[in-house]
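For reference, the chains in residue letters:
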Amino acid sequence: MRSTHPRMLREWKTIQHMIRIYCRGKHPGHAELCPQCADLRDYVHARLDHCPFQEEKSTCAHCAVHCYRADMRERIRVVMRFSGPRMLLHHPYLALMHLLVDDRRPAPVLKKRGQ
């Protein structure tokens, strides 16, 4: 299930660019992403597709539901720490939207089934 909502598309583009920036900086010599970063990108995409909040979601750091396995959560944190400041240079619109809009969004509450 691929969401076509603009919010989710922007989320996907942001994380895809962050992974690409990280891979170029830490794993040079690959025309595209290295195998580890490609695996991370695919994992993140699958998790975004299954996010229970979709377009109402805040950033994952503020979410009450952790969709990522612990090891993958740590990997994406490392990517974001490295790529975050560089996003302002490479993709300023996506970086500012992430910081000023998405990060300030309140974390939604997961409704129980039947509510």
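Residues numbered from 1 in each chain as written. Predicted model: local features only at pLDDT ≥ 70, side-chain atom pairs only at ≥ 80, totals over all residues. Heavy atoms only, no water.

### Some thoughts on the nonpolar core
Item 1. If you look at the biggest cluster of nonpolar residues, it comprises 24 residues, and the most contacted ones within it are I15, I19, C37, L40, V44, I76 and V79.
Item 2. Those elements that place two or more of their residues in this core are α1 (6–26), α2 (35–49), α3 (70–90) and α4 (92–102).
Item 3. If one sorts the elements of this core by residue count, α1 sits on top with eight residues.
Item 4. For I19, the contacting residues outside a window of four places in its chain are L33, C37, L40, R41, V44, I76 and V79. (Core = buried A, V, L, I, M, F, W, Y, C linked by side-chain atoms within 4.5 Å. Buried < 20%, exposed > 50% of the residue type's maximum accessible area, 1.4 Å probe, protein only. Helix = DSSP H or I, 4+ residues; strand = E, 2+ residues; numbered from the N terminus. Contact = heavy atoms within 4.5 Å.)

### Focus: the packing of α2 against α3
Helix packing geometry: the angle between the two helix axes and the distance between the axes.
Item 1. For the pair α2 and α3, the least separation of the axes is 11 Å and the interaxial angle reads 110°. When the interaxial angle is binned, α2 and α3 end up roughly perpendicular. Touching Q36, C37, D39, L40, Y43 and V44 of α2 are M72, R75, I76 and V79, all from α3.
Item 2. In terms of residue class, the contact of α2 with α3 is built from seven nonpolar, one polar and two charged. (Axes fitted to C-alpha atoms, helices over the stretch in contact; angles between N-to-C directions. Parallel < 35°, antiparallel > 145°, perpendicular 65-115°, else oblique. Nonpolar A, V, L, I, M, F, W, Y, C, P; charged D, E, K, R; others polar.)

### Some words on α2
Item 1. For α2, built from 15 residues, the straight-helix expectation of 21 Å at 1.5 Å per residue is met to within 8% by its first-to-last C-alpha distance of 21 Å.
Item 2. For α2, the complete set of buried residues consists of C37, A38, L40, Y43, V44, H45, L48 and D49.
Item 3. Residues of α2 that are buried in the fold lie against α1 and α3. (Expected span 1.5 Å × (residues − 1).)

### Points about the packing of aromatic side chains
Item 1. Under the definition given, this model contains two aromatic pairs.
Item 2. Centroid distance Y22 to F82: 5.6 Å. Interplanar angle 90°. Geometry classified as edge-to-face. Here Y22, found in helix α1, pairs with F82, found in helix α3; they are 60 residues apart in sequence, far enough to count as distant.
Item 3. Plain terms: the ring middles of Y43 and Y68 are 5.6 Å apart, the flat faces sit at 80° to each other, and that makes the pair edge-to-face. In this pair, Y43 is assigned in helix α2 and Y68 in the loop between α2 and α3, connecting sequence segments 25 residues apart. As far as the burial class goes, Y43 and Y68 line up, both buried.
Item 4. The side chain of R86 reaches across the aromatic face of F82, ending 3.7 Å from its centre. (Phe/Tyr/Trp six-rings, centres within 6.5 Å; stacked < 30°, edge-to-face > 60°. Lys NZ or Arg CZ within 6 Å of the ring centre and 35° of its normal.)

### Description of the packing of α1 against α3
Item 1. Here α1 crosses α3 at 100°, and the two axes come no closer than 8 Å. Between α1 and α3, the angle is such that the two are roughly perpendicular. Contacts between α1 and α3 involve T14, I15, H17, M18, I19, I21, Y22, G25 and K26 from the first element and I76, V78, V79, M80, F82, S83, G84, R86, M87 and H90 from the second.
Item 2. Per-class residue counts for the contact of α1 with α3 are 11 nonpolar, six polar and two charged.

### Quick look at the state of the cysteines
Item 1. Per the counting criterion, the structure on display carries zero disulfides.
Item 2. The thiol of C34 is not disulfide-bonded; the next cysteine sulfur, from C37, is found 3.6 Å away.
Item 3. Its relative accessible area of 3% is what places C37 among the buried residues. (Disulfide = S-S within 2.5 Å.)

Nothing here speaks to function; it is geometry throughout.
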